[in-house]
Amino acid sequence: MSLNKVFLIGNVGKDPNVRYIDKNIQNNTKVATFPLATSERYRDREGIVQERTEWHNIVAWRGLADTIERFVHKGSFLYIEGHLATRRYEDTQANITRYTTEVVADNIQILDKKPASEGGYGAQNEGYGQQSSYQPQQPAPAAQPVAQPAQVAPAPSPQPVEEVENDLPF
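Source: prediction; values computed, not measured.

Undergrad: Describe the overall build of the chain, naming the residues involved and giving the relevant values.
TA: From N to C terminus, the chain includes 1 helix and 6 strands. Helices and strands appear in the chain in the N-to-C order β-β-β-β-α-β-β. The burial tally for the chain puts 28% of its 170 residues in the buried class. Of the contacts made within the chain by residues no fewer than 6 positions apart, 60% connect residues no fewer than 24 positions apart. Element-wise, carbon and sulfur atoms account for 50% of the exposed surface of the chain, whose accessible area totals about 13500 Å².

Undergrad: Go over the pairing of strand S6 (residues 96-110), please, and point to the residues and values.
TA: Each regular strand displays side chains that alternate between the two surfaces of the sheet. The pairing of strand S4 (residues 49-61) with S6 spans 2 bridges and is parallel. When the bridges of S6 are listed, valine 59 appears paired with valine 104. One ladder, built from 14 bridges, connects strand S5 (residues 77-91) with S6; its direction is antiparallel. Note that in S6 the partner of leucine 78 across the bridge is isoleucine 110. Connecting S5 to the antiparallel partner S6 that follows it, the hairpin turn spans 4 residues, and asparagine 95 within it adopts a positive phi of roughly 55°.

Undergrad: Quick rundown of unusual backbone geometry? Include the residues and the values.
TA: A positive phi angle, near 50°, is found at arginine 62, a position not held by glycine. By secondary structure assignment, the location of arginine 62 is in helix H1 (residues 62-71). The backbone of asparagine 95 sits at a positive phi, close to 55°, despite the residue not being glycine.

Undergrad: Help me get a handle on the nonpolar core, residues and values and all.
TA: Nonpolar side chains tend to gather and get buried jointly when the protein is soluble and globular. With 19 residues, the main nonpolar core has Phe34, Leu36, Ile58, Ile68, Leu78, Ile80 and Ile108 as its most contacted residues. Those elements that place two or more of their residues in this core are strand S1 (6-12), strand S3 (30-43), S4, H1, S5 and S6. Setting aside chain neighbours within four positions, we find leucine 36 in contact with Leu8, Gly10, Asn11, Val12, Glu54, Trp55, His56, Ile58, Leu78 and Ile80.

Undergrad: Which residues make up the pattern of salt bridges, and what are the values?
TA: The tally for this structure, following the rule as stated, stands at 7 salt bridges. Here glutamate 51 ties to arginine 41 by a salt bridge, and the two come within 4.0 Å at their closest N and O atoms. Of this pair, glutamate 51 sits in strand S4 while arginine 41 sits in strand S3; the two residues are 10 residues apart in sequence, bridging distant segments of the chain. Owing to a relative accessible area of 48%, glutamate 51 belongs among the partly exposed residues under this scheme. A single network of salt bridges, built from pairs that share partners, joins Lys30, Asp66 and Glu69.

Undergrad: Give me the lowdown on the environment of glutamate 54, citing residues and values where you can.
TA: In this structure, glutamate 54 sits in strand S4. Overall, the relative accessible area of 44% leaves glutamate 54 in the partly exposed class. Along the sequence, glutamate 54 and serine 39 sit 15 residues apart, while their C-alpha atoms lie 6.3 Å from each other. Apart from residues no more than four positions distant in its own chain, glutamate 54 is found in contact with Leu36, Ala37 and Thr38.

Undergrad: Residue-level account of the side chain of serine 76, with values.
TA: Tracing the backbone shows serine 76 in the loop between H1 and S5. Looking at serine 76, the relative accessible area reads 0%, which means it is buried. Side-chain polar atoms of serine 76 contact the backbone oxygen of histidine 73, separated by 3.0 Å. Those residues within four positions of serine 76 in sequence are excluded, and the remaining contacts are Gly10, Asn11, Val12, Phe71 and Asp112.

Rules used throughout
Residues numbered from 1 in each chain as written. Predicted model: local features only at pLDDT ≥ 70, side-chain atom pairs only at ≥ 80, totals over all residues. Heavy atoms only, no water. Helix = DSSP H or I, 4+ residues; strand = E, 2+ residues; numbered from the N terminus. Buried < 20%, exposed > 50% of the residue type's maximum accessible area, 1.4 Å probe, protein only. Contact = heavy atoms within 4.5 Å. Areas by Shrake-Rupley, 256 points an atom, 1.4 Å probe, with all protein chains shown as cover. Pairing = 2+ DSSP bridges. Core = buried A, V, L, I, M, F, W, Y, C linked by side-chain atoms within 4.5 Å. Salt bridge = Lys/Arg side-chain N within 4 Å of Asp/Glu carboxyl O. Polar contact = N/O pair within 3.5 Å; in protein donor to acceptor, adjacent residues only side chain to side chain.

Now the structure itself:
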């Protein structure tokens, strides 16, 4: 048994690059790629707070790529679930084979708190890619009137408890 699963929360490093892979008119396969930065803070031996940033190459396909194209931009704060994939390609200039490891996104949630009036995703999110799990917040239900409790008779006063002799040593 094996498991290949990645969970990331971070900021988008630059605007996503969205392109079509399949030139067939009926099967336009869209792919979005972008870097995501995750940061870790720690104290070094001298007690000084240090920050280490890791950069991850993110790849999203089809409907998820469409969602990214519409709602994700440089600086967006995202939660990403996915898996690692290594691919190889030919570097024609150096005439060598190179390898790269990427996170293939299976699910993306936008964590930005920006309202739509400030360029966020807000109320314009109806109908975007089904593979994204972002759900807009529903309005709070209207407050229901609270029924007044019926008059309750006061509880009887407690009866005195008889002292019981016990055989505990303390």
